[in-house]
Amino acid sequence: MIPRALAFLLLAALPAFAGATPQPKPLPEKPADPASASILRVNSTNQAYDFFRPWTKKAPYSRRGLGTLIDGGRILVSAELIANHTFIELEKAGTAEKSSATVERVDYDANLAILRPIDPVFIRDMKPMSLDRGARVGDRATVLQLEPNGEIAQTQGTITSIAVGPYPLDNMGLLLFRLSAPMQQRDGSFTLPAVRDGRLLGLLMRYDARSQTADIISSPVIEHFLAEAGKESYGGFARAGIGYAPTRDPQLRRYIGLNEPGGVYVTEVLADSSGARAGILPGDVILAVEGKPIDQDGNYEDPDFGRIAFSHLTNTISHPGDTLAFRVFREGKTLELPVRMEARDSTKALSESYVVDRAPRYIVLGGLVFMELSRPYLQEWGGEWWKDAPQRLVYYDAFQNELPKDRGKIVFISQILPSPDTIGYEGLDNLVVSKVNGQEIRSLDDLAEAIKSPVKGFQKIELEEDPGILFLDAAEIEAHRDTLVKKYALPALQRL
Amino acid sequence: MSRPARVLFIAHDCDLALLAVDDAGFFKGTAALDFGGIPAIESVVSVYGYPIGGNRLSVTQGIVSRIDFQTYSHSGMDSHLTIQIDAAINPGNSGGPVMQAGKVVGVAFQGYSGDVAQNVGYMIPTPVIRRFLKDISDGHYDRYVDLGLSYQTLFNPAARRALGLKDDDLGVLVGSVYGGGSSEGIVKPGDVLLAIDGLPISSDATIPMDDDSVPLAEVVERKFKGGSVTLDILRDGKPEQLKIPLNGPWPFNLHSNAYDEDPRFVVFGGLIFQPADQNFMSAHRPEDLRLRYLFDFYVEDKIYKDHPELIVLSGILADPVNVFANDSRYGVVDEINGRKIRRLADVAEEFAKPADYYVIKMAGAGRPIVLERKAVEAARERILSRYAVTKEQNL
């Protein structure tokens, strides 16, 4: 016998199949939803580090979403679903059969991850889903969700726009499908597959209930990710490292002598980026990439998706290591610059925009806690962190691209654990360190090295701001060391 | 009897003003009061005035609770000696005398409302009043002078030993010395201040004065433009004596509320340029992170070196000539036609020079604003009349 709720759902789902399967199925059998053989529930227990107490983690929480089986026995999910995971469990729809899983590859820029069940037999009776790359604005797509009883719930929607937009963790711009569809939250997250005719169009990563629109990680981004994941060394998504402004202003166009119809004005070229190495300069106008003309707003005509930002060419269509031909207008002349595309190592950033699946680094010296500036630290101040966090650190994070190339990391005193060594230093937190014992500090490694050589028995810590200088007695730090470790339950005095 | 009064002198940095009534008959039958000294802690004082609650003279009484430095909220930046009393001080009391034994010992001026703290009112004590009266005795108010440096308490035993100090609870550590201030080129960060004008400085940054311990700044507070102080310092473990000429007031009043000033601006091609100061920031409350940084860290990060004034594109009188400038609103002007912009006058000068194009580069990454002279000239009358602009600049 079928429960009433299930019968209702089947009826509701029928219109979606009207085109594909003209005959109604006999009710007593399991629904032959082509998608159900490729979908499983993913329960991830995640635990992030506490950047206010970098030696410890916050309370664990769990996220649930849907994974999609793709070729090679791999399961595709959003990276957000499994960020900072401690345990991942796969659950088959309807059967409650479970297996744990490991992460084979994750890319937080693209918000994608590949999981693999510990036991390969677990997915033997399932069917991998292939990618559908041909979406157009106006196309219909179906979002799949799982009911608590294991049945698939389908929501139909329309793709209302295809554009390059921000991805959550690194604010990197990649191609997004925007789907207009009324949905209910069922699984505690919106990591859900969007499909068409049994093929995968993308994964949901955001849903705005008010406007009833979902942002979908698009199939070209998934395709790029899977291609890189298939390589011996994962290359990720390349970036030109160029900031630009439109050239719609006719006064600007006349001033720079630009007669071409399109082009974007380069406002910024990041140090050590693909663009910088190729010799692109601020003030250049990018006219075309790989022969594709760039318009005044920075779009090109994509054969599949229409007018979209040219960064889709540089970061998704091309792969790291590819060389792209940039046509550039500079001081009245047109140049052809070959740009070898490279991905940026996000850990090398002066202030990392995310620190996931990794412990934050720290050093505790006589009660002073030293850390390297990162956005997750600032984000500990909550929803309006850019207003509430220490402003100097917020500015360092915001304007990091303008600092000298050799500035390294921003090492700062994140807090002071009161101890006999810190008398008189109350409240001196969130201060940026410039030198320790006369040595320049550009990373915690520099600090670890510098504190090995106290000057005349003192650790001399110079700061970029008032009070300018702090001293600790090296011998007394040692004498108070065990008490400090015990009182504050520090598992270690440093983690590098 | 009511008569018109006029302002003789006004001191926004200590919230005092001197008024005159021209009709000599006005004061007939009144007697001038004398000033007293600093009343002792716990001694009783009376506050006279016309606060809310009625129309006739009101007197409240309390004791002196605390003698300390406080920020004067009128300017929002200056701190001076302040006496806290527990007599009720209410709206309308401001400017009224606080009396003890028939003498004026202060002027009531600020307090906390009942939802913040109970019975906390403040008066401007006579050292501040006497200083104001002496300052204006030459017919001009010169403002306070300032050492132009920051200093820190020195309680930490390791820091005291490292700096070569005795265990005598004396000395404060210099953190920053501000460019253009009195101490620039004389005092260095890392110096330890041991005494000021011979008065020993405790490690909590106080000095003994008038049988009391007061913040060391009180010595400078009582000086005038052209005066000097002597500092006994320890530099690299060696004692030295420095003389600091207190010439000119503290030059960086960017963060203080200003009064009686017309906003300064330049309008060109419908773009409004203004120097950012505290009044500007309070009025506009810009969210722009770069502007906020340059303003907030103006003194600390020595922004004043490149920008004696922070010139901001504060508004745009929308017109076809400037439709593409919108993204740059609240940007700080870095260059105009290749010239670094340090002051509002620089902006006016560059725009007055004939050029085919006016290229305005803002601080940070972004495209320049380009205005063609022909287009600006064609738009000029249109903008002036449409937006009823009566003046294109006030430098």
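Numbering of residues starts from 1 in every chain and runs along the sequence as written. To read the labels, note that chains go from A and ligands from 1, taken in the order they are written. For this predicted model, a pLDDT threshold of at least 70 governs which residues receive local features, and a threshold of 80 or more governs which side-chain atom pairs are given and counted, while totals over whole chains, interfaces and linings are taken from all residues.

**Observations concerning the overall build of chain B**
If you tally the helices and strands in chain B, you get seven helices and 24 strands. Considered along the principal axes of its C-alpha atoms, chain B spans approximately 75 × 65 × 45 Å. The exposure label follows from counting other C-beta atoms within 10 Å of a residue's C-beta, where the C-beta atoms are placed from the backbone and the thresholds are 20 or more for buried and 12 or fewer for exposed, leaving partly exposed in between. In chain B, which comprises 395 residues, the proportion classed as buried is 37%. By the criterion used throughout, residues are in contact when their C-beta atoms, derived from the backbone, lie within 7 Å. Restricting the contact set of chain B to residue pairs at least 6 apart, pairs at least 24 apart contribute 57%. Here a strand is any run of E in DSSP of at least two residues, a helix any run of H or I of at least four, and the numbering for each starts at the N terminus.

**Focus: the overall build of chain A**
Looking only at helices and strands, chain A has eleven helices and 28 strands in total. Overall, the C-alpha framework of chain A stretches about 90 × 65 × 40 Å when taken along its three principal axes. Looking at chain A as a whole, 42% of its 496 residues qualify as buried.

**Description of the interface of chain A and chain B**
The interface is formed by 31 residues belonging to chain A together with 29 residues belonging to chain B. Counting residues per element, the ones that place at least two in the side of chain A that touches chain B are strand 13 (242-245), helix 4 (250-256), strand 14 (264-269), helix 9 (391-398), strand 26 (458-463) and strand 27 (469-473) of chain A. Of the residues forming the side of chain A that touches chain B, the biggest block, five residues, is contributed by strand 27 of chain A. Throughout this entry, Asp, Glu, Lys and Arg are counted as charged residues, while Ala, Val, Leu, Ile, Met, Phe, Trp, Tyr, Cys and Pro are counted as nonpolar. The remaining residues, Gly among them, count as polar. Per-class residue counts for the side of chain A that touches chain B are 14 nonpolar, six polar and eleven charged.

**Section: the pairing of strand 7 (residues 103-111) of chain B**
Residue and element names in this part refer to chain B. In this analysis, strands are considered paired if DSSP registers two or more bridges between them. As judged from the four bridges shared by strand 6 (residues 97-100) and strand 7, these two strands associate in the antiparallel manner. Residue pairing in the sheet places Gln100 in a bridge with Lys103 of strand 7. As paired elements, strand 7 and strand 8 (residues 121-125) share five bridges and run antiparallel to each other. Within strand 8, the position partnered with Gly111 by the bridge is Gly121.

**Considering the domain arrangement of chain B**
Where each domain begins and ends is defined by an automated method or by a domain database. If you check the domain split of chain B, you get domain 1 (5-138), domain 2 (149-246) and domain 3 (265-394). Each of domain 2 of chain B and domain 3 of chain B has a C-alpha centre, and these two points are 41 Å apart.

**With respect to helix 9 of chain A**
Three or more residues of helix 9 of chain A are buried, namely Arg392, Leu393, Val394, Tyr396 and Asp397 of chain A. Where the residues of helix 9 of chain A are buried, they touch helix 7 (375-379), helix 8 (385-388), strand 23 (411-416) and strand 24 (431-436) of chain A.

**Describing the nonpolar core**
Among buried residues, those of type Ala, Val, Leu, Ile, Met, Phe, Trp, Tyr and Cys that are joined through C-beta atoms within 7 Å form a set called a nonpolar core. Within the largest apolar cluster, 128 residues are counted, with the highest numbers of intra-cluster contacts made by Leu204 and Ile216 of chain A together with Val333 of chain B. For this core, the element with the most residues is strand 11 (residues 199-208) of chain A, which contributes six residues. Setting aside anything within four residues of it in sequence, one finds Ile216 of chain A in contact with Leu176, Phe177, Leu179, Ala194, Leu201, Gly202, Leu203 and Leu204 of chain A. Core analysis: the second largest hydrophobic core is formed by 89 residues, Leu393 of chain A together with Val47, Ala162 and Ala217 of chain B among them.

**Some details on the environment of Ala195 of chain B**
Residues and elements named next belong to chain B. With respect to the helices and strands, the residue Ala195 is situated in strand 11 (residues 192-196). Accessibility expressed as a C-beta count within 10 Å gives 18 for Ala195, which makes it partly exposed. Each C-alpha atom of the pair Ala195 and Ile207 lies 8.3 Å from the other, and the pair is twelve residues apart in sequence. Beyond its immediate sequence surroundings of up to four residues, Ala195 is in contact with Pro200, Ile201 and Asp232.

**Quick word on the domain arrangement of chain A**
All names here are of chain A. Domain annotation for chain A reports domain 1 (35-237), domain 2 (242-340) and domain 3 (347-495). Look at where the C-alpha atoms of domain 1 and domain 2 centre, and you get two points 33 Å apart. With 14 residues of domain 1 in contact, the opposing surface of domain 2 contributes eleven residues. Residue assignment for the side of domain 1 that touches domain 2 shows that the elements contributing at least two residues are strand 8 (152-166), strand 9 (173-180) and helix 3 (219-229). A total of four residues in the side of domain 1 that touches domain 2 trace back to one element, the largest contributor, which is helix 3. The residue makeup of the side of domain 1 that touches domain 2, split by class, is eight nonpolar, five polar and one charged.

**Some details on the sheet that holds strand 23 (residues 369-372) of chain B**
All names here are of chain B. Strands sit in the order 21-20-22-23 across an open sheet of four strands; the sheet is antiparallel. Looking along the sheet, the strands with just one partner apiece sit at the ends: strand 21 (339-340) and strand 23. Of the pairings in the sheet, the one linking strand 22 (residues 357-362) to strand 23 comprises four bridges and is antiparallel in character. By the bridge assignment for strand 23, Ile360 is matched with Ile369. Sheet contacts for helix 6 (residues 344-352): strand 20 (333-336), strand 21 and strand 22; angle to strand 20, the most-contacted strand, approximately 30 degrees. Only the stretch in contact is used when fitting a helix axis, every axis being a line fitted to C-alpha atoms; angles between N-to-C directions are given from 0 to 180 degrees.

**Focus: the sheet that holds strand 24 (residues 393-394) of chain B**
Residues and elements named next belong to chain B. The antiparallel open sheet is built from four strands, whose spatial order is 19-18-17-24. Sheet topology places strand 19 (311-316) and strand 24 at the edges, where each strand pairs with a single neighbour. Where strand 18 (residues 271-275) lies against strand 19, five bridges are found, and the strand directions are antiparallel. The residue of strand 19 that forms the bridge with Leu271 is Ile316. Packing of helix 6 onto the sheet brings it into contact with strand 17 (265-268), strand 18, strand 19 and strand 24, and relative to strand 17 it is tilted by some 25 degrees.

**Overview of unusual backbone geometry**
Here the amide bond leading from Asp466 of chain A into Pro467 of chain A is cis, since omega sits at 10 degrees, within 30 degrees of zero. Relative to the assigned elements, Pro467 of chain A resides in the loop between strand 26 and strand 27. Of note, Asp197 of chain B is a non-glycine position whose phi angle comes to about 50 degrees, a positive value. Secondary-structure assignment places Asp197 of chain B in the loop between strand 11 and strand 12 (199-200). We note that Ala205 of chain B has phi near 70 degrees; this positive angle belongs to a residue other than glycine.

**A look at the environment of Ile75 of chain A**
All names here are of chain A. Turning to its location among the elements, Ile75 is positioned in strand 3 (residues 74-77). For the pair Ile75 and Leu115, spaced 40 residues apart in sequence, the C-alpha to C-alpha distance is 4.9 Å. For Ile75, the contacting residues outside a window of four places in its chain are Leu40, Gly67, Thr68, Leu69, Leu90, Ala101, Ile114, Leu115 and Arg116.

**Examining the pairing of strand 23 of chain A**
Residues and elements named next belong to chain A. Of the pairings in the sheet, the one linking strand 22 (residues 368-372) to strand 23 comprises five bridges and is antiparallel in character. Looking at the pairing, Met371 lines up with Phe412 of strand 23. Alignment of strand 23 against strand 24, held across two bridges, turns out to be antiparallel. Each bridged residue has a counterpart across the sheet, and for Phe412 the counterpart in strand 24 is Val432.

**As for the confidence of the model for chain A**
Residues and elements named next belong to chain A. pLDDT measures the predictor's confidence residue by residue and takes values from 0 up to 100. Summing up the model confidence of chain A, the mean pLDDT is 90 and the portion of residues at 70 or higher is 92%. Note on residues 1-22: pLDDT under 50 across the span, and twelve contacts to partners over four residues away in sequence or across chains. In this model residues 26-32 is a low-confidence stretch, pLDDT under 50, and it forms four contacts with partners more than four residues away in sequence or in other chains.

**Some thoughts on the confidence of the model for chain B**
Taken residue by residue, chain B gives an average pLDDT of 92. The fraction at 70 or more is 99%. Across the assembled chains, the prediction reports ipTM 0.87 with pTM 0.88.

**Quick notes on helix 6 of chain B**
All names here are of chain B. Residues of helix 6 that are buried: Leu344, Val347, Glu350 and Phe351. Angularly, the buried residues of helix 6 cover 125 degrees about the axis, an arc narrow enough to put them on a single face. Looking at the buried side of helix 6, the elements it contacts are strand 17, strand 18, strand 19, strand 20, strand 21 and strand 22. The directions from the helix axis to the C-beta atoms are what the arc is built from.

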